[in-house]
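# Inside the fold
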Amino acid sequence: MNGKLKYTDDVDKSLGLAGMAITLVACDSEELIASVSMEDDEEPLEMAGEFFFGGNPRFSAKIAWNEILRQYQITMSLLLGNVLCRNLCTGHDIDNDVLQSIHEIILSEGMENCSLEEDEIDALYNKNYRYYHNLFSHPSVGLVARDFATTLRMQRRMSAGEIIENLRRLSTI
């Protein structure tokens, strides 16, 4: 992971994982969560098999591209949710260098994996950034995120069911 995006401690990591879980709920993709783990440094957010698209010769090129684009948009949302939650839910400003690093990652992935043009990527990035910035700026979402992060630090690992149960309050916001 980019050095600017590395976790500083367990609190930071648990808030990042909370941000990713909340992001998946916000984009109606909670079925893609398998688990989260404070102990796993390589893959702290485990995604369900449905997230990974290995291609299928029976799919048309359009269906395959749409699935790749969907994965890209979810990945973009996860990255933004992670960083925005870590900062906005603790009252910190987001470092411009961090935002630039995120943008570079998103730009590279969009060009390489989806053959998108820079202006298309920028439009997706800006739309998602505004949405998730507003989401994680909401005081009630911040409270849910901090509670989730505290629970995760105590339990160290949560299954998909435990994640959804802990984020149930989001449906009332």
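Summary of the structure given here. (Residues numbered from 1 in each chain as written. Predicted model: local features only at pLDDT ≥ 70, side-chain atom pairs only at ≥ 80, totals over all residues. Heavy atoms only, no water.)

### Section: unusual backbone geometry
Here the phi dihedral of Asp28 falls at roughly 55°; this positive angle occurs in a residue that is not glycine. Inspection of the secondary structure puts Asp28 in the loop between α1 (10-26) and β1 (33-37). (Helix = DSSP H or I, 4+ residues; strand = E, 2+ residues; numbered from the N terminus.)

### Side note on the environment of Ser37
Structurally, the position occupied by Ser37 is in strand β1. Each C-alpha atom, one on Ser37 and one on Leu17, is 8.5 Å from the other, the two residues being 20 residues apart in sequence. When neighbours within four sequence positions are excluded, Ser37 is seen to be in contact with Lys13, Leu17, Pro44, Arg156 and Arg157. In terms of polar contacts, Ser37 uses its side chain to reach the backbone amide nitrogen of Asp40, at 3.4 Å. (Contact = heavy atoms within 4.5 Å. Polar contact = N/O pair within 3.5 Å; in protein donor to acceptor, adjacent residues only side chain to side chain.)

### Observations concerning the layout of surface pockets
When its volume is computed, the second largest pocket comes out at roughly 230 Å³. Looking at the second largest pocket, the residues that line it are Cys27, Ser29, Arg70, Gln73, Ile74, Ser77, Leu124, Lys127, Asn128, Tyr131 and Tyr132. Looking at the lining of the second largest pocket, the elements that each hand over two or more residues are α2 (61-88) and α4 (118-137). Top element by residues in the lining of the second largest pocket is α4. It accounts for 5 residues. For the lining of the second largest pocket, the class distribution of residues is 5 nonpolar, 4 polar and 2 charged. (1 Å grid on protein atoms, 1.4 Å probe; cavity = no way out; pocket = protein on both sides within 12 Å on 5 of 7 lines; lining within 4 Å. Points joined across faces, edges and corners; volume = space filled by probe spheres on them. Nonpolar A, V, L, I, M, F, W, Y, C, P; charged D, E, K, R; others polar.)

### Observations concerning the nonpolar core
The biggest cluster of nonpolar side chains holds 49 residues, and the ones touching the most others in it are Leu45, Tyr72, Phe136 and Phe148. Elements that contribute at least two residues to this core include exactly α1, β1, β2 (45-47), α2, α3 (96-114), α4 and α5 (139-155). Considering each element in turn, this core owes the most residues, 9 residues, to α2. Those residues in contact with Leu45 that sit more than four places away from it in its chain are Leu17, Met20, Leu24, Ile33, Ser35, Val36 and Leu78. (Core = buried A, V, L, I, M, F, W, Y, C linked by side-chain atoms within 4.5 Å. Buried < 20%, exposed > 50% of the residue type's maximum accessible area, 1.4 Å probe, protein only.)

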